[in-house]
Amino acid sequence: MTSPTPISEPTSESMSADSPVAALSPASSASPASSAVSPVLAEVVRSGFVEGRHRGSLVVLAADGSVEWALGDVTAPVFPRSTNKPMQAAAVLRAGLDLSGERLALAAASHSGEPFHLDLVRTMLAEHGLTADHLQTPADLPLDPEEAEAYLASGQVRDRLTMNCSGKHTAMLAAAALNGWPLATYLDEAHPLQQLVAEGVRTASGEDVAHVGTDGCGAPLLSLSLTGLARAFRHFVMADPGTPERRVADAMRAHPEYVAGTRRPDTWLMRSLPGALSKMGAEAVQALALPDGRALAFKIDDGATRTLGPVLARTLRLMGLATPVLTRLEDAPLLGGGARVGEIRAAF
């Protein structure tokens, strides 16, 4: 990238599609602390009128791990939500749990609640002498709307096993059981397993954890900067074969439908971009690493997940990728009367 001109709020009106890089701020000139207002990363366009804007921050790493360019504040801590799951899955391996293939992918999953997801969770629980009663996930419906409709239509109700983090919780419980650690407190920050998670987060990101919260599933939630999150994903794809990090990355990439679902963008990406590791999180967080060491992470301030596809596709295009899956990702229609009248589009 050659000396782009810094701007404070990139929008589609101010930026030519033929020369997008000209509008991006180099990391060296970005001054996140100088402005409390994040740049606009996506616009809501209805009937040709921009009726809304979504602000956020985004970072792209070069192949050597340095920050290539950034928009907004990429050094302040954010809660990565489910983009922390690869690091949580690596911790159960370091605890001695022997998982591989679909089982390891499911341990890092925000699964859609499709039958094959739920069947494998039940199988994994039984394999380790556990039952759904051990899970401390909140009762929930399948994450995928189509699956949720079918689930309710069949007369079933919200369940802990159906919650999208049940694969991760099953792996955590199995690791605790293997080591004789308490099962009832496996989500406590001081639990030996959660200490392994925290150690792995610090190592992969190269950062200390500034804030600890509670995630939607009840697990400890460790903050990172977006730069640290991108570096963590890069760490996983660049790790030596056989290490816990590489084993997790390889399982996720080999079985992406178990990480997400058959109708989910992370699955599409990992199927279409060989070697890519992709994971979204709640509140509109996304991280991705490519096998050559490049990586990205972003968060939309207002948590609008409808922006994830367009922003991710735009970022990957700016990184030089050209693949049909990007067209699928960036297609975020806005409806009026059941017909398409607009779209959510990237604005940088």
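What counts, and at which threshold
- Residues numbered from 1 in each chain as written.
- Predicted model: local features only at pLDDT ≥ 70, side-chain atom pairs only at ≥ 80, totals over all residues.
- Heavy atoms only, no water.
- Helix = DSSP H or I, 4+ residues; strand = E, 2+ residues; numbered from the N terminus.
- Buried < 20%, exposed > 50% of the residue type's maximum accessible area, 1.4 Å probe, protein only.
- Contact = heavy atoms within 4.5 Å.
- Areas by Shrake-Rupley, 256 points an atom, 1.4 Å probe, with all protein chains shown as cover.
- Phe/Tyr/Trp six-rings, centres within 6.5 Å; stacked < 30°, edge-to-face > 60°.
- Axes fitted to C-alpha atoms, helices over the stretch in contact; angles between N-to-C directions.
- Parallel < 35°, antiparallel > 145°, perpendicular 65-115°, else oblique.
- Left-handed = near helix turned anticlockwise from the far one by under 90°.
- Nonpolar A, V, L, I, M, F, W, Y, C, P; charged D, E, K, R; others polar.
- Salt bridge = Lys/Arg side-chain N within 4 Å of Asp/Glu carboxyl O.
- Polar contact = N/O pair within 3.5 Å; in protein donor to acceptor, adjacent residues only side chain to side chain.

1. Focus: the overall build of the protein
On a plain count of helices and strands, the protein comes out with 12 helices and 12 strands. When burial is assessed residue by residue, the protein has 55% of its 348 residues classed as buried. Counted over contacts in the protein with a minimum sequence separation of 6, partners at least 24 positions apart contribute 62%. For the protein, the computed accessible surface area is about 13800 Å², with 51% contributed by carbon and sulfur atoms.

2. Things to note about the packing of aromatic side chains
Under the counting rule described, the total for this entry stands at 1 aromatic pair. For the ring pair F116 and Y258, a centre distance of 5.0 Å and an interplane angle of 75° mean the geometry is edge-to-face. Of this pair, F116 sits in helix α3 (residues 115-127) while Y258 sits in helix α9 (residues 256-259), and the two are 142 residues apart along the sequence. In this structure Y258 comes out as buried when scored by relative accessible area, which is 15%.

3. Quick notes on helix α8 (residues 244-254)
When we look at burial in α8, the residues that qualify are E245, V248, A249, A251, M252 and R253. Residues of α8 that are buried sit in contact with α1 (85-94), α2 (101-107), α7 (226-238), α9, α10 (265-272) and β8 (277-281).

4. Examining the packing of α1 against helix α5 (residues 166-179)
Axis angle and axis distance: for two packed helices, these are the angle between their axes and the distance between the axes, and together they describe the pair. Running from N to C, α1 and α5 point in directions that differ by 25°, and their axes come no closer than 9 Å. As far as their axial angle goes, α5 and α1 are roughly parallel. The way α1 lies across α5 gives a crossing that is left-handed. Residues K85, Q88 and V92 of α1 touch α5, and the partners they reach there are K168, A171, M172 and A175. Grouping the amino acids of the contact of α1 with α5 by side-chain chemistry returns 4 nonpolar, 1 polar and 2 charged.

5. Concerning the pattern of salt bridges
Under the defined criterion, the tally for this structure stands at 19 salt bridges. The partner of E127 in a salt bridge is R103, with the nearest N and O atoms 2.6 Å apart. You can see E127 sitting in helix α3 and its partner R103 sitting in helix α2, a full 24 residues away along the chain. Exposure remark for R103: the relative accessible area of 27% places this residue in the partly exposed category. We note a salt bridge from D292 to R294, for which the minimum N-O separation is 2.8 Å.

6. As for the side chain of R253
Take R253: it is sitting in helix α8. At 2.7 Å, the side chain of R253 and the side chain of D250 are in polar contact.

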